[in-house]
Amino acid sequence: NSLRAFASMNHLHLHAYNCSSALPIESVTVDHLIEDCYILRNYPVPGFVFQLQTDTIKLAENIFKLVTLLQERDIPHNMMMTYGDPCTPTDKEVPEPVIRVCVWPVTPSDELPDDLLFRPAVCELSGHNPP
C-alpha cells in the first residue's frame, strides 16, 4: 500500500501472509499490454499484472517504470506479489505456477467520502475475503 492508498502512518508498508485457499487474482484472465505487463480482464478493479519470465532484473525494471509513472502523476497504488497461473496460454495440462506482481492504481484515500463503509487495500483487491 502506497501513500494515500491506506498505508498506515503515511509510509509504505508490506504484508506477508500465507492464505490457505487460492486468491482470485492468482487465476484471473489478463490481456497482454507490453513485454511482461498485462491488464486485468473481467476483474472488479482495474489493474496491471507483471509475470516473471526468466529475468528478475527486467521484471523489477518494468514494475519500477509503472510505479514511477504513478508517483509522477500522484496516483496512489497497491501492489502484491503472489504465485499464480501463467498469463500466457500453455500446453501443459497443469501449468506450473509463475510469480505474478499485481499493481492497482487507486483513488487517493484522502479523496474518498467519510461515510464509505468499505475501504479496500491490497488484501481485498486480491480477492481475499476471510469469513
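See above for the structure.
Reading guide: rules and limits
- Residues numbered from 1 in each chain as written.
- Predicted model: local features only at pLDDT ≥ 70, side-chain atom pairs only at ≥ 80, totals over all residues.
- Heavy atoms only, no water.
- Pairing = 2+ DSSP bridges.
- Helix = DSSP H or I, 4+ residues; strand = E, 2+ residues; numbered from the N terminus.
- Axes fitted to C-alpha atoms, helices over the stretch in contact; angles between N-to-C directions.
- Contact = heavy atoms within 4.5 Å.
- Patch = residues over 30% accessible without salt bridge, like charges linked within 9 Å, V, L, I, M, F, W, Y side chains within 5 Å.
- Areas by Shrake-Rupley, 256 points an atom, 1.4 Å probe, with all protein chains shown as cover.
- Salt bridge = Lys/Arg side-chain N within 4 Å of Asp/Glu carboxyl O.
- Buried < 20%, exposed > 50% of the residue type's maximum accessible area, 1.4 Å probe, protein only.
- Core = buried A, V, L, I, M, F, W, Y, C linked by side-chain atoms within 4.5 Å.
- Lys, Arg positive; Asp, Glu negative; His and termini not counted.
- Polar contact = N/O pair within 3.5 Å; in protein donor to acceptor, adjacent residues only side chain to side chain.

A. Representation of the sheet that holds strand 5 (residues 98-105). Taken together, five strands build an open sheet; the order of strands is 1-2-3-5-4 and the sheet is antiparallel. Looking along the sheet, the strands with just one partner apiece sit at the ends: strand 1 (30-34) and strand 4 (77-84). Pairwise comparison of adjacent strand axes, ignoring direction, gives a mean angle of 30 degrees for this sheet. Bridge count between strand 1 and strand 2 (residues 37-40): four bridges; the pairing is antiparallel. Residue pairing for strand 2: Asp 31 is matched across the bridge by Ile 39. Its contacts with the sheet put helix 1 (residues 56-72) on strand 3 (48-51), strand 4 and strand 5, and the angle it makes with strand 3 is roughly 160 degrees.

B. A nonpolar patch on the surface, seen in detail. There is a patch of nonpolar side chains on the surface, built from Leu 33, Ile 34 and Ile 39 and spanning about 260 Å² of accessible area. Topologically, Leu 33 is positioned in strand 1.

C. The arrangement of unusual backbone geometry in detail. Look at Asn 42: it is not a glycine, yet its phi comes out positive at around 55 degrees. Along the chain, Asn 42 turns up in the loop between strand 2 and strand 3. Judged by its relative accessible area of 72%, Asn 42 falls in the exposed class. Residues other than glycine seldom take positive phi values, yet Asp 74 does so here, at roughly 55 degrees. Looking at the element boundaries, Asp 74 is found in the loop between helix 1 and strand 4. You can call Asp 74 exposed: its relative accessible area is 52%.

D. Region of interest: the pattern of salt bridges. The final tally for this structure, using the stated rule, is three salt bridges. In this structure, the salt-bridge partner of Lys 58 is Glu 35, at a minimum N-O distance of 3.6 Å. With a gap of 23 residues between them, Lys 58 in helix 1 and Glu 35 in the loop between strand 1 and strand 2 connect regions that are remote in the sequence. In this structure Lys 58 comes out as partly exposed when scored by relative accessible area, which is 30%. For Glu 35, a relative accessible area of 42% corresponds to the partly exposed category.

E. Representation of the nonpolar core within the structure. By size, the foremost hydrophobic cluster in this structure holds 13 residues, and its most contacted members are Ile 25, Leu 40, Val 49 and Trp 104. Taken together, the elements giving at least two residues each to this core come down to strand 2 and strand 5. Not counting the four nearest positions on each side in its chain, Leu 40 is found in contact with Ile 25, Val 28, Thr 29, Val 30, Val 45, Pro 46, Gly 47, Val 49 and Trp 104. In terms of nonpolar packing, the next biggest core, distinct from the first, is built from 10 residues, Leu 52, Leu 59, Ile 63 and Leu 66 among them.

F. Just the side chain of Glu 26, in detail. Of note, Glu 26 is situated in the segment before strand 1. Here Glu 26 occupies a buried position and makes no salt bridge, while the nearest side chain of opposite charge, Arg 100, is found at 8.5 Å. Within the structure, the side chain of Glu 26 is placed 3.2 Å from the side chain of Thr 82, a separation counted as a polar contact. The contact partners of Glu 26, leaving out residues within four places of it in the chain, are Thr 82, Tyr 83, Gly 84, Asp 85 and Arg 100.

Nothing here speaks to function; it is geometry throughout.
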